[in-house]
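This is what each chain is made of:
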Amino acid sequence: MGGGGSFADSHSRGFLWTSRVSPDRKVSCCRRLPLGPPICLPADQLSDRAALPQADEEDVVLCAIRTCSRLFGALLERGELFVGQLPGEEISLPDNYSAEDKYKIWMRHRYNSCVNCLVELMGHESFQVKELSLATLMKFVELEGKYPLVKAEWKGSFSFPRELLKLVVENLIPCEEDSSLLISRFQEYLEYDDIRYFVMKAVAENIGQVMQKTKEVPLPVYQQNVFSLISSISMPSKENEVVNFMVKQANQEEWKVSKLKEHKRAFERMWLGFLKHKLPTGLYKKVLVILHDSILPHLNEPTLMIDFLTVAYDIGGAISLLALNGLFVLIHQHNLEYPDFYKKLYSLLDPSIYHVKYRARFFHLADLFLSSSHLPAYLVAAFIKRLSRLALTAPPQALLMVIPFICNLFRRHPACKVLVHRPGGPEALSEDPYIMDEEEPSESRALESSLWELQTLQSHYHPDVAQAAAVVNQSLSELEDDISELLELSAYELFDRELKKKATSMPLEFEQVRGLFGKKDDLFAEHFALE
């Protein structure tokens, strides 16, 4: 036996090797795995196990993954993989390497081959194979963290298997396949603070590399995968919440990964790197929906989102509606000054405003933006007049919300009540001085008009709408109406409410019909009978 030790010594340490390898025989190794009896595994068979994932049968692949997980998990725990700069597999090793060192180097190469196969299997057609491959790779991440394969640069330095985790992240966000289901399986690992931090770093780096290769051409599938991953990241809000680590370090409190500021910085770079590239329209909307409560609060400098939000607000349509939330946060909390903000808000009022699924969100924000008593009367009057004009074609569920909304504006701005109480004012569209198509509220001549639209709605076919519109005929109370429950009122709820109403019985006095014409002394009743 080579390597300077006896057979008994070798066997007592749990492994057996030969330093003399004949051309027709490869090295054999014997291991005792944690959950089974001793097994003897020739090198060629071990290599085949690492290559087994290429097999067609799913059960064989799953079995091979489980075997690799147990085998290399045990080797990592025992420290039987080579640690440090790994020599190439094809080069001959100097004589100063012992047989044990050569064995560890060879096993480390086998481990690397296994990792590469598992990474490839994350793109397998079977989700079970993908899921098990992901779980095995994350197990290796945890074990490499506890038993590093890289030598510490200095005493007390921190180690984390970043390269292995980077491989996992790269294959979670492929360019040609939707991996949202696998990403949902990965979310449980994002609960670990160190995993979340290095995932954010890896995603930011990957986005830059992929988009540079494609020369900024949008990649809908890739960008959707990236969004699925980064939108599932739940950030801590306090420093003392950063305590859950997969890999424990000796001086944990000194590790930058334990600092909330570093997490925010990585989070910020990741999102800014993602949003600086052109996004598909559908993805644009998804980002704006979560921006105000899931992204902005966790940025070191939320004002860096000003350009993104102002561009989105200028696009128009549903995207502008969704950008309002983020703009409100920046205006209210970070003193953003947006020129012509109310002019743009006024331009968003079109017939679709009563039909889009973001209606509740828009009117909630519009209520906040129009709540200030310092707004000029002409501006508020323009909003009231345009909302009233558009209400003529709105569905009942929207009308039951917008009429109290308009009444609240009258309560906040009494100067606008002239629109209701204007004797001899216009009574039809042809006489109305209000210019509906005018983009500038100050030029719309809204204060010269009257709300004949609300008077028209008093004859609406739906009795609740007619009753709500009739409120303007009376003196409005000082207390504002609570419209929060009406913002998301749907046609289904309105119909269901009508069905649940109990009809009141009314006493009636009538004479039963007699004869052909129903008269009391009908001559025809004597000669004809109704059957």
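Residues numbered from 1 in each chain as written. Predicted model: local features only at pLDDT ≥ 70, side-chain atom pairs only at ≥ 80, totals over all residues. Heavy atoms only, no water.

Novice: If you had to explain the packing of helix α13 (residues 317–334) against helix α15 (residues 359–369) to someone new, which residues and values would you point to?
Specialist: Axes are the key here: two packed helices are described by the angle between their axes and the distance separating the axes. At a minimum axis separation of 9 Å, α13 and α15 run at an interaxial angle of 40°. In terms of their interaxial angle, α13 and α15 are classed as oblique. Every pair of crossing elements has a handedness; the one defined by α13 and α15 is left-handed. Across the interface between the two elements, Leu321, Leu322, Leu324, Asn325 and Phe328 of α13 pack against Arg361, Phe362, Leu365, Leu368 and Phe369 of α15. Residues of the contact of α13 with α15, tallied by class, amount to eight nonpolar, one polar and one charged. (Axes fitted to C-alpha atoms, helices over the stretch in contact; angles between N-to-C directions. Helix = DSSP H or I, 4+ residues; strand = E, 2+ residues; numbered from the N terminus. Parallel < 35°, antiparallel > 145°, perpendicular 65-115°, else oblique. Left-handed = near helix turned anticlockwise from the far one by under 90°. Contact = heavy atoms within 4.5 Å. Nonpolar A, V, L, I, M, F, W, Y, C, P; charged D, E, K, R; others polar.)

Novice: Outline the pattern of salt bridges, listing residues and values.
Specialist: The final tally for this structure, using the stated rule, is 21 salt bridges. Of the charged contacts in the structure, one is a salt bridge between Glu100 and Lys104, with a shortest N-O distance of 3.6 Å. Of this pair, Glu100 and Lys104 both sit in helix α4 (residues 99–121), four residues apart, which is roughly one turn of that helix. Where Asp496 meets Lys500, a salt bridge forms, and the shortest distance between an N and an O atom there is 3.2 Å. Taken together, the residues Asp496 and Lys500, both in helix α20 (residues 491–500) and four residues apart, mark about one turn of the helix. Taking relative accessible area as the criterion, Lys500 reaches 62% and is therefore assigned exposed. Where salt bridges share partners, they join Lys385, Arg389, Asp432 and Glu453 into one cluster. (Salt bridge = Lys/Arg side-chain N within 4 Å of Asp/Glu carboxyl O. Buried < 20%, exposed > 50% of the residue type's maximum accessible area, 1.4 Å probe, protein only.)

Novice: Break down unusual backbone geometry for me, citing the residues and quoting the values.
Specialist: In this model, Asn335 sits at a positive phi of 55°, which is unusual for a non-glycine residue. Positionally, Asn335 belongs in the loop between α13 and α14 (341–347).

Novice: Which residues make up the environment of Val311, and what values do they have?
Specialist: With respect to the helices and strands, the residue Val311 is situated in helix α12 (residues 306–315). Residue Val311 is classed as partly exposed on the basis of its relative accessible area, which comes to 48%.

Novice: Quick rundown of the state of the cysteines? Include the residues and the values.
Specialist: Tallied over the entire structure, the rule returns zero disulfides. Considering cysteine sulfurs only, Cys114 is the nearest to Cys68, which forms no disulfide, with 3.7 Å between them. (Disulfide = S-S within 2.5 Å.)

Novice: Now, about the confidence of the model for the chain: what can you tell me, with residues and values included?
Specialist: Averaged over every residue, the pLDDT of the chain is 82; the share at 70 or more is 83%. For residues 1–55, every residue scores under 50 in pLDDT, and the model assigns this stretch 81 contacts once sequence neighbours within four places are set aside. (pLDDT = per-residue confidence, 0-100.)

Novice: For a nonpolar patch on the surface, give the residues involved together with the corresponding values.
Specialist: Residues Tyr378, Val418 and Leu447 make up a contiguous nonpolar surface patch of about 220 Å² in total accessible area. Mapped onto the elements of the fold, Val418 is located in the loop between α17 (396–412) and α18 (452–457). (Patch = residues over 30% accessible without salt bridge, like charges linked within 9 Å, V, L, I, M, F, W, Y side chains within 5 Å. Areas by Shrake-Rupley, 256 points an atom, 1.4 Å probe, with all protein chains shown as cover.)

Novice: Let's hear about helix α6 (residues 162–172): which residues, and what values?
Specialist: Residue pairs spaced three or four apart in an α-helix point in one direction, given the helix's 3.6 residues per turn. Taken residue by residue, α6 has Leu164, Leu165, Lys166, Val168, Val169 and Leu172 as its buried positions. Elements that come into contact with the buried residues of α6 comprise α4, α5 (127–146), α7 (180–186), α8 (193–213) and α9 (220–230).

Novice: So what about the side chain of Arg108? Which residues, and what values?
Specialist: Relative to the helices and strands, Arg108 is located in helix α4. One buried charge, Arg108, has no salt-bridge partner; the nearest side chain with opposite charge is Glu144, at 6.5 Å. Contacts of Arg108, omitting those with residues within four sequence positions, involve Leu81, Phe82, Val83, Gly84, Leu86 and Leu149. (Lys, Arg positive; Asp, Glu negative; His and termini not counted.)

Novice: Explain the side chain of Glu453 residue by residue, including any values.
Specialist: Position of Glu453 relative to the elements: it lies in helix α18. With residues up to four places along the chain from it excluded, the contact list for Glu453 reads Lys385, Ser388, Arg389, Leu392 and Asp432.

Novice: Talk me through the nonpolar core; I want residue IDs and the actual numbers.
Specialist: One finds Phe186, Trp271 and Phe274 to be the most contacted residues of the largest nonpolar core, which totals 147 residues. A per-element tally of this core places α17 first, with 11 residues. Setting aside anything within four residues of it in sequence, one finds Phe274 in contact with Ile207, Gln223, Val226, Phe227, Ile230, Leu279, Leu283 and Val287. (Core = buried A, V, L, I, M, F, W, Y, C linked by side-chain atoms within 4.5 Å.)

Novice: Can you lay out the packing of helix α3 (residues 58–78) against α4 for me, pointing to particular residues and giving the numbers?
Specialist: Running from N to C, α3 and α4 cross one another at 140°; their axes reach a closest spacing of 11 Å. Between α3 and α4, the crossing angle belongs to the class labelled oblique. The handedness of the crossing between α3 and α4 is left-handed. For the pair formed by α3 and α4, the contact residues are Val61, Ile65, Cys68, Phe72, Leu75 and Leu76 on the first element and Tyr103, Met107, Arg110, Tyr111, Cys114, Leu118 and Leu121 on the second. Looking at side-chain class alone, the contact of α3 with α4 contains 12 nonpolar, no polar and one charged residues.

Novice: So what's going on with the packing of aromatic side chains? Residues and values would help.
Specialist: Scanning the entire structure with this criterion turns up 20 aromatic pairs. Taken together, a centroid distance of 4.4 Å and an interplanar angle of 20° make the contact between Phe160 and Phe198 stacked. A residue pair is termed long-range when its members are at least 10 positions apart, and Phe160 in the loop between α5 and α6 and Phe198 in helix α8 qualify at 38 residues. Its relative accessible area of 8% is what places Phe198 among the buried residues. Pairing Phe245 with Trp255 gives two aromatic rings, centres 6.0 Å apart and planes at 40°, and the pair type is tilted. Taken as a pair, Phe245 in the loop between α9 and α10 (260–275) and Trp255 in the loop between α9 and α10 lie far apart in primary sequence, 10 residues in all. Counting every residue linked through ring pairs, the aromatic cluster contains Phe160, Tyr197, Phe198, Phe245 and Trp255. (Phe/Tyr/Trp six-rings, centres within 6.5 Å; stacked < 30°, edge-to-face > 60°.)

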